[in-house]
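Next come the chains, spelled out residue by residue.
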Amino acid sequence: MRRRHLTPQALADRTGIRTPRIRVFAQDGAQGPVPPTEQELVEIAAALQLPLTDVLDAARAPAGTPA
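Residues numbered from 1 in each chain as written. Predicted model: local features only at pLDDT ≥ 70, side-chain atom pairs only at ≥ 80, totals over all residues. Heavy atoms only, no water.

Chemist: How would you sum up the overall build of the chain? Please name residues and give values.
Modeler: Counting its regular elements, the chain contains 4 helices and 0 strands. Secondary structure of the chain in N-to-C order comes out as α-α-α-α. Out of the 67 residues belonging to the chain, those deemed buried represent 33%. Counting contacts in the chain only where the partners sit at least 6 residues apart, residues at least 24 apart contribute 42% of the total. (Helix = DSSP H or I, 4+ residues; strand = E, 2+ residues; numbered from the N terminus. Buried < 20%, exposed > 50% of the residue type's maximum accessible area, 1.4 Å probe, protein only. Contact = heavy atoms within 4.5 Å.)

Quick look at the structure:
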């Protein structure tokens, strides 16, 4: 599967999610101090052209744990 690589700013532009939130998700994972909402995960999956189930599964896994 080919994955899209976007900067936090580019992902924010595609999804409408603020850039600082994107950076926090990338650094701390979904279990960090600012967890993403389910709607944000849906938008991120669509922007990255990834299956939603993969993104939701990865969000449930503790940071540093392979999904």
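Chemist: Go over the side chain of Thr 15 with me, naming the residues and quoting the values.
Modeler: Mapping Thr 15 onto the fold places it in helix H1 (residues 8-15). A distance of 2.9 Å separates a polar atom in the side chain of Thr 15 from the backbone oxygen of Leu 11. Separated by 3.1 Å, the side chain of Thr 15 and the backbone nitrogen of Ile 17 make a polar contact. Apart from the residues lying within four places of it in its own chain, the contact partners of Thr 15 are Ile 22, Glu 43, Ile 44 and Ala 47. (Polar contact = N/O pair within 3.5 Å; in protein donor to acceptor, adjacent residues only side chain to side chain.)

Chemist: Please set out the environment of Arg 60 residue by residue, giving values where relevant.
Modeler: Residue placement: Arg 60 occurs in helix H4 (residues 52-60). Take Arg 60: its relative accessible area is 58%, and that puts it in the exposed class.

Chemist: Could you give me a rundown of unusual backbone geometry, with the residues and numbers involved?
Modeler: Here Gln 49, not a glycine, exhibits a phi torsion of approximately 55°, which is positive. Mapped onto the elements of the fold, Gln 49 is located in the loop between helix H3 (38-48) and H4. Its relative accessible area of 54% is what places Gln 49 among the exposed residues.

Chemist: Any chance you could break down the nonpolar core for me, citing the residues and the numbers?
Modeler: Core analysis: the largest hydrophobic core is formed by 15 residues, its most contacted members being Leu 11, Ile 17, Ile 22, Leu 41, Ile 44, Leu 48 and Val 55. Of all elements in the fold, only H1, helix H2 (19-28), H3 and H4 reach the threshold of two or more residues within this core. Among all residues touching Val 55, those that are not within four sequence positions of it are Leu 41, Ala 45 and Leu 50. (Core = buried A, V, L, I, M, F, W, Y, C linked by side-chain atoms within 4.5 Å.)

Such coordinate-based values are descriptive only and should not be taken to indicate function.
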